[in-house]
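Examination of the molecular architecture
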Amino acid sequence: MFGAGGGTSSYEEIETTDLIVLWGSNAREAHPIFFHHLLKGIDNGATMYAIDPRRTSSTAWADHWLGIDVGSDIALANTIAREIIAQGLHNEAFIAHATTGFDEYRASVEPWTLQEGERVTGVPASAIQDLAHAYAKAETAQLLWTLGITEHYTAADNVFALINLALLTGHVGRYGSGLVPLRGQNNVQGGGDMGALPNKLPGGQDVADDVGRARFEATWGVELRAEPGWHLAQMFDAIEGGDLRTLYIIGENPAQSEADGAKARHALESLDCLVVQDIVMTATTELADVVFPAAVGWAESEGTVTSSERRVQRVRMAVAPPGEARDDIDILVAMANRLGHDWPATTAEEVWDELRSLSSWHAGMSYERLEALGGLQWPCPDESHPGSKFLHARLWEEPSGGPAAPFTVVEWRPPIDELTDEYPIRLTTGRHLDSFNTGVQSGRSRAPRRKGATIDISPEDAEHLDLSDGDLARVTSRRGSVVAPVAVETGLRDGLAFMTLHYPDEVDVNVLTLDKWDPKSGTAEFKATAVRIELEG
Amino acid sequence: MITIDGVDVQAPVDATILEAAAKQGTEVPTLCYLETLTAASACRLCVVEVEGARVLAPGCSRQVEEGMVIKTRSPRVDRARRMVLELLASSVDLSLAPELLELAEEYGAAPERFGEVRAQVQLPVNIDNGLYVQDLSKCVLCYRCVAACGDDAQHTYAISVTDRGFGAVISTEFGVALPDSACVFCGNCVAVCPTGALIVTTEYDMRQAGTWDEELQTVTRTICAYCGVGCNLDVHVQDNEIVKVTSPFDHEVTAGNLCIKGRFGWSHVSGPASPD
Amino acid sequence: MDLRNVTTPPSDRERVAIDRVLADHGFAETDGTPGRTAIGGRSAATRRDLLLPALHALNDAVGWISEGGLGYACERLTVPPAEGYGVATFYDQFSFEERVEVVRVCDDIVCGPYADQLIAGLDGIEVERTPCLGRCEKAPVAFIQQPGFRRTEIAPASPQSVLEGEPTSVDTHIGVIGEAVLLARVGSVDPESLDDYRGAGGYQALSRALDEGADAVLDRIEAARLRGRGGASFPAAAKWRAVAQAQGDKIVVCNADESEPGTFKDRVLMEADPFAVIEGMTLAAYVTGAERGFLYVRGEYALAERRMIDAIEAARAAGLLGEDVADGGFAFDVEVRRGAGAYICGEETSLFNSIEGLRGEPRDKPPFPTQEGLFGLPTVVNNVETLVGAVAITMDKDGNSKLFPISGAINNPGLYEAPLGVSVAALIEAAGGPTSDVQAVLVGGAAGKFLLPDDLEVTLDHGTEPPLGSGAIVVFDTATDMEVIVDRIARFFRDESCGKCVPCRVGTIRQVEALERLGNGGAERETLDDLAAVLRDASICGLGQLAAEAVQSALDLQLIGGRSD
Ligand SMILES: Cc1cc2nc3c(=O)[nH]c(=O)nc-3n(C[C@H](O)[C@H](O)[C@H](O)COP(=O)(O)O)c2cc1C
Ligand code: SF4
Ligand code: SF4
Ligand code: SF4
Ligand code: FES
């Protein structure tokens, strides 16, 4: 977001904000303890709007739920923007002071009348209007999202559409107002911050930035490429095209987590060499030529992770790793040495201190301070800095400190996987409270209410299709088909179905999904698949 | 300005007597009170004498007022506290509440005097899920679990105090089994229970087997492996096996709370494997 | 809220009963467009206060509260089922097992001697023993609950009158020492006629208040030193003034939960002079600026409730409640809420919780009701008699006049009015004297104190010994086994303790046990004294604080146990 890939706000801010807009996020189940902070906000009098195709346990807490059509988020955001501008509710002073590109943006949203918004999103115009006014008029507002926004082939544009709304109303850069993407994994934020992105070096520095790159080259004694590397989807394309023949995977299960799973597995099988480093055997390690057993990051090794509020915190070794499992750093150092380098044994703290010397975000975060203060939020440029609760205060400074924040014109594009008579039902995916991603970790623990793999359908569809709870149904997309027991859910409407990804060994949902990915972010279209559902056998 | 045990103390306007006393270095015993929860003022262990007041005041919830003269110990206070402890010890199994037993000793509580035939809380141990056990014969009805499951943290409202008087008991609707109730197995009720009436299954089983030994345990602070919220975990380890996970009450991200994944989702590391 | 609903469906009768009661209270669900919008969260959970009426609707309609019925009520009101169950199980009147009808037979200190015989005569019928039903002057008393919204008070009760289900008599004998102020209209005007009430001087106080203004009313009530008649003797004017000075929405609550054993004064006022109660509430509303009123009547007062509801409707129809009360330029209306068998709900903050659809447990004080009362708003809560007294005072009547329900071993049991400062002996005399030799007199109900025959010249007033309490006077003759009486009182507190605080939850049961050991010759005085101390000093509310009063006075007077110390 305007040069910093992190949520702008702290959890504590949602406790006192006036308005909460939860968009494409089932945080009640996917981020339960963040939701505690949100609930405090509600208890303190905040009004909440939730935008989600499904009536989830999160949306049940919203004063107002907007049941949008899958993949129409940009249409909704643009409609909200047009209504705000049409009613003169936009923050002209802030726009003039801190942003660029407003005129083009205004022109781009002009066609999005409330009626047009209703036609495309399915949400009644009055509800859209209501949300637009509430967001524009709120003293402070938090706009939050998760994978409902980002697991689309328009992921980056979806995010831009939301950022535009915050710029339009000045709901960013102030305590209490902000934009927060909730991170799905304990160190998604940290991984990106450490440079595990194709276009970034640690500390959010761009690979194309010559000055920044030179500092890394000097420290590391190697030359770095100025061009971005491949993101995940590009790697799979490269495997398919024969340009990528060896893959070293650390702690991922793409054989089950990638969209169009059959294709992904086929790609992995076609490699010359696949090395997988993981804490347990997975469907992906099954395909590997070499498996490195790794220590469990959060309980068997030392290091740091970074949360959705940019808080860097220490993970520590609570138990010794079993058998031959080794710390990730040890494995990497050993690999380097086998490849002919001479890397000394290194502790996590030494690695961290090197990072601090290169990343101004992290410079002030010594292990000692992280431990004493229960973590620190970046940017934390020096050891006397308390860390940053929120980002982009510069946008409000007089004169505005640093570059202006640009509006980004975004066009709505419908989901690729079209609904037709043959595939009339929109299948979307998501998470359950008591499970996590492909279930590699969570599946081993007890959960008395774990539901298992089901195809969830609305009561209306259950009636049309003559299906009831527990029936086995075949779900077919343009790419494949799976069989799952039916669960009739009142939170779904006619034409909308739902599955989770947690139980790939029982029902491999990614056989159905489309691996069409977003060119900007590399995320695939997990959330919008066209399917047909029928009684099996 | 207020006076606590004869000493003048400066206390902020909205401070409770407990907080004001703590600031001055005087500890007032508590049972139902927990900093992260709204005070229920139910146990009455924290009562103090406020000059001019007809009855004793609960230190945990009564706010100080200008000019208040407070005695945190006096014969009246001590007698009330001794009786509260005596009443609890005579009716509830306090074997997993060592701090209460120590207090009972300190205040000279003599629960035996209520005779052999006396009403006691005797309820069957409820083992209806693989994650935590309800042993409500140990319940002192401090209301903490209800607050943690409800308005003060989890907002799931799976349990409530039901019935009335001595028959009051923590229960789901119509006493249905926890897996059939609204319970989401976050264990946030277990985390706040001061008496072991709510206890994680691993600890319960090890105690039953006689293998639970806190002397042999280490507690390591780390971060949850799952979602990106960044909850702090305290991992309790005995013999290189995780036996329990809790969260610190004084950390702002969790305030002691976790979700089912953070509190119970550690079987991929070590310990009892196979899910149900 | 993301509540998990009960999956058992309600029966048709249950569904209809709940839909009707919610509609009657103006509850309309704010549905959105199906599948597209919905109102949720706190915005969907705004009418928790209808939980108790909904529970009554179920219990009245089908005789008990089933899983499906409770689940449906909770779902409609967005109440978590566990909490709904926690609330429902708080009250004695609700059953969670299917039943056809239940006869509640009073076995308290006045009716007690008759209870066994009455119950023996009701073979084959489901009977529950209950504490005082508030018709002590016509002991023994029974209360029948039958499905189909049938609730009947029977006094005096015999097996035959219970089986016939006909209330035998409703008129309470009344008597007056000095001028009738509070009872001026009781028995002489038709309680069902607003015209009669006006003909007898009704609503003149409100007219006068409108003429002279709120301050004049306040000054007059303050000058008359009207103090609360619910037991706590708090100056009424001070409460009214505090709420009048508060900003924003305010509420007037009339406490008609009268459940103190031996007490039936509020019932008589409601049954016989209901408009006066409404006028009193309206006066309080005018003075304080409150626009909403609640009258919380105990669940066993079926007739009083009926009379109050009818009177409120008549007053509303006549423009004496509503948007512009008596053309006086202020709005006020009253809702009746019914208790469900819990003495503690007479404690003012428990009463608020009960109305709000929470368990009827008391709240910490401070904050006091005048600061944060019902729904968190500044609230005047007054006893029925206090409010009727305020009406009289506004018409320059004596603010010192007090009601005394007198029952037990007395020739003319009934409700008596006399000026404060009257002696117990004079009251007993006015009630025709004792039926035989007096052993002891209990003043102030179960939370009160005993007097010996030699001490009856003592006078009754606010703030003097023995405490006035509710004003109830129960006379015991020498044939009475005082151990049984004291035991019944101790069991009353044990049974009625809400259970929230340790001193009362466990202390009241230990008190019962210690008395039993005492009866068997044990040396229990020290234990009983310690229990009394912790109950008085450390309990949250007046129930626990006074739970050892009567026991201690019986011990002190050697009515039981003798001196073991
Ligand atoms: C256990 C308990 C029961 C009470 N029951 C009643 C009651 O039935 N009616 C009543 O008016 N006050 C009752 N009170 C007193 C009320 O708390 C409160 O003081 C009273 O309603 C205030 O009205 P007043 O000032 O007009 O008396 C009770 C108090 C306690 C502690
Ligand atoms: S179960 Fe534990 S936390 Fe809950 S009320 Fe009982 S003692 Fe308190
Ligand atoms: S405990 Fe739950 S909410 Fe907290 S980090 Fe772990 S998975 Fe996320
Ligand atoms: S004194 Fe008794 S009735 Fe009052 S709060 Fe305590 S337990 Fe409840
Ligand atoms: S700690 Fe204050 S009442 Fe329990």
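All residue numbers refer to positions counted from 1 along the written sequence of the respective chain. Here every chain gets a letter starting at A, and every ligand a number starting at 1, in the order they are written. Residues qualify for local features only when their pLDDT is at least 70, as the model is predicted, and side-chain atom pairs are given and counted only at 80 or more; totals for whole chains, interfaces and linings, by contrast, use all residues. In computing side-chain values, all of the structure's heavy atoms are included and hydrogens and water are not.

Digging into the overall build of chain C
Threshold: Elements are defined by DSSP. Helices are runs of H or I of four residues or more, strands are runs of E of two residues or more, and each kind is numbered from the N terminus. C-alpha atoms define the radius of gyration in this analysis, and the globule rule sets the expected value at 2.2 Å times the number of residues to the power 0.38. Residue exposure (1.4 Å probe, protein chains only): buried if accessible area is under 20% of the type maximum, exposed if over 50%, otherwise partly exposed. In what follows, residue pairs with any heavy atoms lying within 4.5 Å of each other are defined as contacts. For the area figures, the Shrake-Rupley method with a 1.4 Å probe applies, and any residue is considered shielded solely by the protein chains shown. As used throughout, the charge tally considers Lys and Arg to be positive and Asp and Glu to be negative, leaving His and the chain termini uncounted. Charged side chains are reduced to one point each, which is NZ for Lys, CZ for Arg, CG for Asp and CD for Glu.
Scanning chain C from terminus to terminus reveals 22 helices and 15 strands. By the compact-globule yardstick of 24 Å for 565 residues, chain C fits well, its C-alpha radius of gyration being 23 Å. C-alpha atoms of chain C, sized along the principal axes, occupy 75 × 55 × 45 Å. A buried classification covers 62% of the 565 residues belonging to chain C. Within chain C, counting contacts between residues at least 6 apart in sequence, those at least 24 apart form 72% of the total. Working note: accessible area of chain C is about 19400 Å², and carbon and sulfur atoms make up 46% of it. Of note, chain C has its 51 positive side-chain charges centred 4 Å away from the centre of its 88 negative side-chain charges.

Side note on the packing of aromatic side chains
So the rule is basically this: Each aromatic pair joins two rings of Phe, Tyr and Trp (for Trp, the six-membered one) with centres within 6.5 Å, and gets the label stacked for planes under 30 degrees apart, edge-to-face for over 60, and tilted for any other angle. Only when the NZ atom of a Lys or the CZ atom of an Arg is both within 6 Å of the ring centre and within 35 degrees of the ring normal do we say a charge sits over the ring.
For the structure shown, the criterion picks out 23 aromatic pairs over all chains. Measuring from centroid to centroid gives 6.0 Å for Tyr132 of chain B and Phe185 of chain B, while their planes differ by 55°, and the two rings are tilted. Linking Tyr132 of chain B in strand S6 (residues 132–134) with Phe185 of chain B in the loop between strand S8 (169–171) and helix H5 (188–192), this pair joins segments that are 53 residues apart in sequence. Note on accessibility: Tyr132 of chain B and Phe185 of chain B belong to one class, buried. Site record: aromatic cluster; members linked through ring pairs are Phe102, Tyr105 and Phe407 of chain A. A cation over a ring is seen here: Arg298 of chain C above Tyr301 of chain C, with NZ or CZ 5.4 Å from the ring centre. The ring of Phe404 of chain C is capped by Lys402 of chain C, whose NZ or CZ atom sits 5.7 Å from the centre of that ring.

Let's talk about the environment of Met317 of chain A
With respect to the element layout, Met317 of chain A can be found in the loop between strand S13 (311–315) and helix H18 (328–338). Taking C-alpha positions, Met317 of chain A is 27 Å from Tyr11 of chain A, a pair spaced 306 residues apart along the chain. Discounting residues that sit within four places of it in the chain, Met317 of chain A has contacts with Ala299, Glu300, Ser301 and Glu302 of chain A together with Thr220 of chain B.

Things to note about the interface of chain A and chain B
We count it as follows: The term polar contact refers here to a pair of N or O atoms within 3.5 Å; inside protein, the definition further demands a hydrogen-donor-capable atom paired with an acceptor-capable atom, and it admits residues adjacent in sequence only when both atoms are side-chain atoms.
Residue-level contacts link 53 residues of chain A with 54 residues of chain B. Put simply, chain A and chain B have 26 residue pairs in polar contact (both at pLDDT 80 or more) between them. Of all the elements in the fold, those that place two or more residues in the side of chain A that touches chain B are helix H1 (11–14), helix H2 (27–30), helix H3 (32–43), helix H17 (297–300) and S13 of chain A. The dominant element in the side of chain A that touches chain B, judged by the number of residues it contributes, is H3 of chain A, at seven residues.

Here's the deal with helix H9 (residues 204–212) of chain C
All names here are of chain C. This is how it is decided: To obtain the arc, one takes the directions from the helix axis to the C-beta atoms.
Looking only at H9, the buried set comprises Ala205, Leu206 and Ala209. Buried residues of H9 fall within an arc of 100° about the axis and therefore sit on the same side. Packing partners of the buried residues in H9 comprise helix H10 (214–223), helix H13 (274–288) and helix H16 (384–394). One or two positions beyond H9, positive phi appears at Gly213, with a value near 95°.

Observations concerning the site of ligand 4
We apply this condition: A cutoff of 4 Å decides nearness: a residue is near a molecule or strand if any of its heavy atoms lies inside that distance of it. Classification used: nonpolar for Ala, Val, Leu, Ile, Met, Phe, Trp, Tyr, Cys and Pro, charged for Asp, Glu, Lys and Arg, polar for all others including Gly.
Near ligand 4 there are 13 residues, and of these Pro362, Cys498, Cys501, Cys504 and Cys541 of chain C occur at the shortest range. Among the residues forming the shell around ligand 4, the class breakdown is eight nonpolar, four polar and one charged.

Thoughts on the packing of helix H2 (residues 75–91) of chain B against helix H19 (residues 502–519) of chain C
Condition: Here the axes come from fitting lines to C-alpha atoms, over the contacting stretch only for helices, and the angles between their N-to-C directions go from 0 to 180 degrees. Angle categories are assigned with fixed cut-offs, so that under 35 degrees is roughly parallel, over 145 is roughly antiparallel, 65 to 115 is roughly perpendicular, and the rest are oblique. Left-handed describes a crossing in which the near helix is turned anticlockwise from the far one by less than a right angle; the clockwise case is right-handed.
The N-to-C vectors of H2 of chain B and H19 of chain C enclose an angle of 65°; their axes lie 9 Å apart at closest approach. Taken together, the axis directions place H2 of chain B and H19 of chain C in an arrangement best described as roughly perpendicular. Here H2 of chain B and H19 of chain C pass one another in a crossing that is left-handed. Contacts between H2 of chain B and H19 of chain C pair Val84, Leu87, Leu88, Ser90 and Ser91 of chain B from the former with Val502, Pro503, Arg505, Val506, Gly507 and Arg510 of chain C from the latter. By residue class, the composition of the contact of H2 of chain B with H19 of chain C is six nonpolar, three polar and two charged.

Details of unusual backbone geometry
In this structure, Pro140 of chain C follows Ala139 of chain C across a cis peptide bond, with omega equal to 0°. Mapping Pro140 of chain C onto the fold places it in the loop between strand S3 (127–130) and strand S4 (142–146). The omega angle of the peptide bond from Pro366 of chain C to Pro367 of chain C is 0°, so this bond is cis rather than trans. Positive phi is not limited to glycine here, since Asp5 of chain B has a value of about 50°. Positive phi, close to 60°, is recorded for Asp163 of chain B, a residue that is not glycine. The residue Asp163 of chain B is located in the loop between strand S7 (160–162) and S8 in this model.

Thoughts on the site of ligand 2
Around ligand 2 lies a shell of 13 residues, among which Cys139, Val140, Cys142, Cys145 and Cys193 of chain B are the nearest. For the shell around ligand 2, the class distribution of residues is 12 nonpolar, one polar and no charged.

Re the pairing of strand S10 (residues 379–383) of chain C
Judged by how many residues are buried, S10 of chain C sits mostly within the fold: five of five residues are covered. Neither face of S10 of chain C is exposed, since Thr379, Val381 and Asn383 of chain C on one face and Val380 and Asn382 of chain C on the opposite face are all buried.

Quick word on the sheet that holds strand S7 (residues 251–256) of chain C
All names here are of chain C. Which entries qualify depends on this criterion: In this scheme, strands are said to pair when DSSP sees at least two bridges between them.
With parallel pairing, four strands are arranged side by side in an open sheet as S9-S8-S7-S10. Looking at which strands have only one partner, the edges of the open sheet turn out to be strand S9 (333–338) and S10. Across the sheet, the mean angle separating the axes of adjacent strands is 20° when strand polarity is ignored. As paired strands, S7 and S10 are joined by five bridges and run parallel to one another.

With respect to a negative patch on the surface
Residues and elements named next belong to chain C. As a reminder of what qualifies: Residues enter patches when they are more than 30% accessible in relative terms and free of salt bridges; like-charged ones are connected within 9 Å and nonpolar ones (Val, Leu, Ile, Met, Phe, Trp, Tyr) within 5 Å. Think of a salt bridge as a Lys or Arg side-chain nitrogen and an Asp or Glu carboxyl oxygen that are within 4 Å of each other.
Residues Asp249, Glu291, Glu323, Asp324 and Asp327 make up a contiguous surface patch of negative charge. Structurally, Asp327 is set in the loop between helix H14 (302–317) and S9. Overall, the relative accessible area of 69% leaves Asp327 in the exposed class.

Structural notes on the interface of chain C and chain B
Test applied: In short, buried area is how much 1.4 Å probe accessible area vanishes from two parts on joining, totalled over both.
Contact with chain C, which involves 57 residues of that partner, is made by 54 residues of chain B. Summed over both partners, the interface of chain C with chain B comes to about 4200 Å²; 55% of that surface belongs to carbon and sulfur atoms. Taken together, the connections running from chain C to chain B amount to six salt bridges. Here Asp537 of chain C makes a salt bridge to Arg76 of chain B, at a shortest N to O gap of 2.9 Å. Our count for the contact surface shared by chain C and chain B stands at 30 residue pairs in polar contact (both at pLDDT 80 or more).

Topic: the pattern of salt bridges
Residue and element names in this part refer to chain B. Throughout the structure, instances matching the rule amount to 89 salt bridges over all chains. A salt bridge links Glu86 to Arg82, with the shortest nitrogen-to-oxygen separation between them at 3.6 Å. Within this pair, Glu86 and its partner Arg82 are both found in helix H2, separated by four residues, close to a single helical turn. What makes Glu86 buried here is its relative accessible area of 1%. Note on Arg82: relative accessible area 19%, which makes it buried. The partner of Asp234 in a salt bridge is Arg221, with the nearest N and O atoms 2.5 Å apart. In this pair, Asp234 sits in strand S11 (residues 232–238) while Arg221 sits in strand S10 (residues 217–223), placing the two residues 13 residues apart along the sequence.

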